[in-house]
Amino acid sequence: MSLFPFALTYSGWAALCFAMSRHAREVLQREPTPLQRHLLRAAGWIALIVSLFMAAAHAGWPIGTVEWFGMLTASAVSFVLLLTYRPRLAAGLGLGLPVCALVGHFLVSAMMH
């Protein structure tokens, strides 16, 4: 399993969560505008779909789909727990986790060559 699709699923859940007024007010202290809400929903679904295709490309459709469901579950549980106890950290990881995973992937690739 790759870290980048997992990071995308986490970010997808975060975007979908912050598209809801209640969670946005709790964490960001403001309600998103209708345009921001639509963009967050679109970004969340796109992140989830891209992560599915990445998992399938990495392990094939049968195994990749199973891995993807595992990633969805693990990222949702971790996001909900962080949102409950450390909401700012949950929001920050939604943005930072894919960047860190991508940088880590390129560093590992560079060290292997």
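Residues numbered from 1 in each chain as written. Predicted model: local features only at pLDDT ≥ 70, side-chain atom pairs only at ≥ 80, totals over all residues. Heavy atoms only, no water.

Visitor: Could you give an account of the nonpolar core, naming the residues involved and the relevant values?
Guide: Soluble globular proteins tend to bury their nonpolar side chains together. Of all hydrophobic cores here, the largest spans 9 residues; its members are Tyr10, Ala14, Cys17, Phe18, Val27, Phe79, Leu83, Ala90 and Ala91. Contributing elements (two or more residues each) for this core: α1 (3-18), α4 (61-85) and α5 (87-112). The greatest single-element share of this core, amounting to 4 residues, is contributed by α1. Once residues within four sequence positions are removed from consideration, alanine 91 is found in contact with Phe18 and Val27. Listed in part, the 7 residues of the second largest apolar core include Ala55, Trp68, Met71 and Leu72. (Core = buried A, V, L, I, M, F, W, Y, C linked by side-chain atoms within 4.5 Å. Buried < 20%, exposed > 50% of the residue type's maximum accessible area, 1.4 Å probe, protein only. Helix = DSSP H or I, 4+ residues; strand = E, 2+ residues; numbered from the N terminus. Contact = heavy atoms within 4.5 Å.)

Visitor: I'd like to hear about the UniProt feature "transmembrane region" (unreviewed entry) in the chain, residue by residue, with values.
Guide: Using the residue numbers shown here, the UniProt feature "transmembrane region" (unreviewed entry) corresponds to residues 43-61, 68-85 and 91-112. For the annotated span residues 68-85, helix accounts for 100% and strand for 0% of the residues, and the straight-line distance between the end C-alpha atoms is 26 Å. Secondary structure over residues 91-112 splits into 100% helix and 0% strand, and the C-alpha atoms at its two ends are 32 Å apart. (UniProt positions renumbered as here; feature names shortened; annotations may be inferred.)

Visitor: Quick rundown of helix α3 (residues 34-59)? Include the residues and the values.
Guide: With 26 residues, α3 ought to run about 38 Å at 1.5 Å a step, and its terminal C-alpha atoms sit 38 Å apart, in line with that. Against the buried residues of α3 lie α1, α2 (21-28) and α4. The first or second residue beyond α3 is glycine 60, which carries a positive phi of 90 degrees. (Expected span 1.5 Å × (residues − 1).)

Visitor: Explain the environment of alanine 57 to me, using residue names and the numbers behind them.
Guide: Within the element layout of this structure, alanine 57 appears in helix α3. When its relative accessible area of 69% is taken as the criterion, alanine 57 is described as exposed.

Visitor: How would you summarise unusual backbone geometry if you had to cite specific residues and measurements?
Guide: Phi is positive for glutamine 29, close to 60 degrees, though the residue is something other than glycine. Of note, glutamine 29 is situated in the loop between α2 and α3. Judged by relative accessible area, which is 53%, glutamine 29 ranks as exposed.

Visitor: Describe the side chain of threonine 9, naming the residues involved and giving the relevant values.
Guide: Looking at the element boundaries, threonine 9 is found in helix α1. Separated by 2.6 Å, the side chain of threonine 9 and the backbone oxygen of phenylalanine 6 make a polar contact. Once you skip the residues sitting within four places of it in the chain, threonine 9 turns out to touch Leu48, Ser51, Trp68, Met71, Leu72 and Ser75. (Polar contact = N/O pair within 3.5 Å; in protein donor to acceptor, adjacent residues only side chain to side chain.)

Visitor: How would you explain the pattern of salt bridges if you had to name every residue and give the values?
Guide: Per the counting criterion, the structure on display carries 2 salt bridges. Where glutamate 26 meets arginine 22, a salt bridge forms, and the shortest distance between an N and an O atom there is 3.7 Å. One end of the pair, glutamate 26, and the other, arginine 22, are both in helix α2, 4 residues apart, so they sit about a helical turn from each other. Among the residues examined, glutamate 26 registers a relative accessible area of 43% and is labelled partly exposed. A relative accessible area of 54% means that arginine 22 is categorised as exposed. (Salt bridge = Lys/Arg side-chain N within 4 Å of Asp/Glu carboxyl O.)

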